[in-house]
Amino acid sequence: LLGGELARAREDVLIKSEEQIDSNVQDANSTKDSDSHNSKLDARVPFVSATTATLPTQVTSAQVPSTAAPLTVSRGALAPGNEVVAVVCYLETPAVFYICPATSVDQFTTILTTTQNCPSGEVPSTLGSCCLAMDEDCWYRAEIVQLGEDNTTATLFLLDYGKTVQANMASLRPLPKEMETIPGLVFKVNLKGIKPGGKEWSEDQIGGAEIVLDVGNDATQFNVKVVEVDSSGEICVSMKDSEGTDVATLMIETEIAAADNLVP
């Protein structure tokens, strides 16, 4: 996530980790060999969650399920007519991207902070099960959406980000059961009224859309209205920026997209 409070939370997590690691290395060098085991235990970093947090500030191994039973996390849902103020957290194309309600930003920060301190353990290779996966040096809640032929690799959807990543099963961590009850924070939406200017979206068009939507910056918020949810569950929306400018119209006028005249 590129900007705003979301990025600052991620940077704080990384900075705290690096500072603690440096401190632990210095302590280890000045400690007797007989105390090395205790030094390694002390190296774990207890991150403190936000003041609005409802999650535990430190997750211990006792909180991780003792069995390898899969855990699942529901994905949030939007219904026709719903309106929400949201930020764009990840973009696939100018017409398809993931939004996070502005009211969920604090919760994202809490989850991101807490997941950095979760212990390792076995993750069942089961489609639909959820765990923790690392992306860009941070741990995120993730759902296994595809398994490799030998079940040693997986494709995972980051439930609070919208990004899809690939990882070795051995590199994943168990999801604490306390986090199973919190639905995924992002919604995949389709911006109604636009289409590619050619057969498919170009890199320039995708780059232009990232600028218009200010992807990853929670300071840039949009008023999103659900126009319809089709039979396959795709959420079609209209969007306006804080000044009331229609986003689809802006993309058409700036030649990022073409008008989809087949859309009523």
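For clarity, every value in this text was computed on a predicted model and none was experimentally measured.

Here the focus is the nonpolar core. Across soluble globular proteins, you tend to see nonpolar side chains buried next to one another. Counting 35 residues, the largest nonpolar core has Tyr-140, Leu-156, Leu-158, Leu-172 and Leu-175 as the members making the most contacts within it. Sorting the residues of this core by element identifies β1 (83–93), β2 (96–101), α3 (105–115), β3 (130–135), β4 (138–147), β5 (153–158) and β6 (164–168) as the ones contributing at least two each. Top element by residues in this core is β4. It accounts for 5 residues. Counting 28 residues, the second largest nonpolar core, distinct from the first, contains Ala-95, Phe-187, Val-189 and Ala-257.

Pairing is antiparallel in the open sheet, where 5 strands are placed in the order β6-β5-β4-β3-β7. Edge positions in the sheet fall to β6 and β7 (173–174), since each has one partner strand and no second. Here β5 pairs with β6 via 5 bridges, running antiparallel. Across the sheet, Leu-156 pairs through a bridge with Val-165, a residue of β6.

A few words now on the confidence of the model for the protein. Chain-level pLDDT for the protein is 81 on average; 73% of the residues reach the 70-or-more range. When mean pLDDT is compared element by element in the protein, β5 scores highest at 98, while helix α2 (residues 36–42) scores lowest at 36. Confidence drops under a pLDDT of 50 for residues 28–67, and excluding neighbours within four residues, the segment shows 55 contacts in the predicted structure.

Before going further, it helps to spend a moment on the pairing of β5. Of all 6 residues making up β5, 5 are buried, and the element is well covered by its neighbours. Bridge analysis of β4 against β5 gives 5 bridges, and the strand direction is antiparallel. Bridge assignment links Ile-144 to a residue of β5, and that residue is Leu-156. What sits between β4 and β5 in their antiparallel hairpin is a turn of 5 residues, with Asn-151 showing a positive phi close to 65°. Linking β5 back to β6 in an antiparallel pair, the connection comprises 5 residues, with Gly-162 at a positive phi of about 105°.

Of all 5 residues in strand β8 (residues 187–191), 4 are buried, a share of seventy percent or more. As paired elements, β2 and β8 share 4 bridges and run antiparallel to each other. In the sheet register, Phe-97 faces β8, and the bridge partner there is Val-189. Examined bridge by bridge, β8 and strand β11 (residues 235–240) share 3 bridges and lie parallel to one another. Directly across from Val-189, in β11, lies its bridge partner Ile-235.

Let us look at the pattern of salt bridges. Taken as a whole and judged by the stated rule, the model has 6 salt bridges. Arg-75 serves as the salt-bridge partner of Glu-143, at 3.2 Å between the closest nitrogen and oxygen. In this pair, Glu-143 is assigned in strand β4 and Arg-75 in the loop between α2 and β1, connecting sequence segments 68 residues apart. Relative accessible area serves as the criterion here: at 43%, Arg-75 is assigned to the partly exposed category. Salt-bridge contacts for Arg-141 lead to Asp-160; the nearest nitrogen and oxygen are separated by 2.8 Å.

Now for unusual backbone geometry. Despite not being glycine, Asn-151 shows a phi value in the positive range, around 65°. By the element assignment, Asn-151 lies in the loop between β4 and β5. Exposure remark for Asn-151: the relative accessible area of 38% places this residue in the partly exposed category.

Moving on, we get to α3. By the criterion of burial, α3 is predominantly enclosed, with 9 of the 11 residues buried. Considered for burial, the residues of α3 that qualify are Val-105, Phe-108, Thr-109, Thr-110, Ile-111, Leu-112, Thr-113, Thr-114 and Thr-115.

Right, let's talk about the sheet that holds β2 for a bit. Strand pairing in a sheet relies on backbone hydrogen bonds, with the paired strands running either antiparallel or parallel. Spatially, the 5 strands close up into a barrel ordered β1-β2-β8-β11-β10, and their pairing is mixed. Pairs of neighbouring strands in the sheet enclose a mean axial angle of 55°, with direction left out of account. Direction of pairing for strand β10 (residues 222–229) relative to β11: antiparallel, over a ladder of 6 bridges. Bridged to Asn-223 within β11 is Lys-240. Lying on the sheet, helix α4 (residues 203–213) is in contact with β1, β2, β10 and β11; it crosses β1 at an angle near 155°.

About the criteria used
Residues numbered from 1 in each chain as written. Predicted model: local features only at pLDDT ≥ 70, side-chain atom pairs only at ≥ 80, totals over all residues. Heavy atoms only, no water. Core = buried A, V, L, I, M, F, W, Y, C linked by side-chain atoms within 4.5 Å. Buried < 20%, exposed > 50% of the residue type's maximum accessible area, 1.4 Å probe, protein only. Helix = DSSP H or I, 4+ residues; strand = E, 2+ residues; numbered from the N terminus. Pairing = 2+ DSSP bridges. pLDDT = per-residue confidence, 0-100. Contact = heavy atoms within 4.5 Å. Salt bridge = Lys/Arg side-chain N within 4 Å of Asp/Glu carboxyl O. Axes fitted to C-alpha atoms, helices over the stretch in contact; angles between N-to-C directions.

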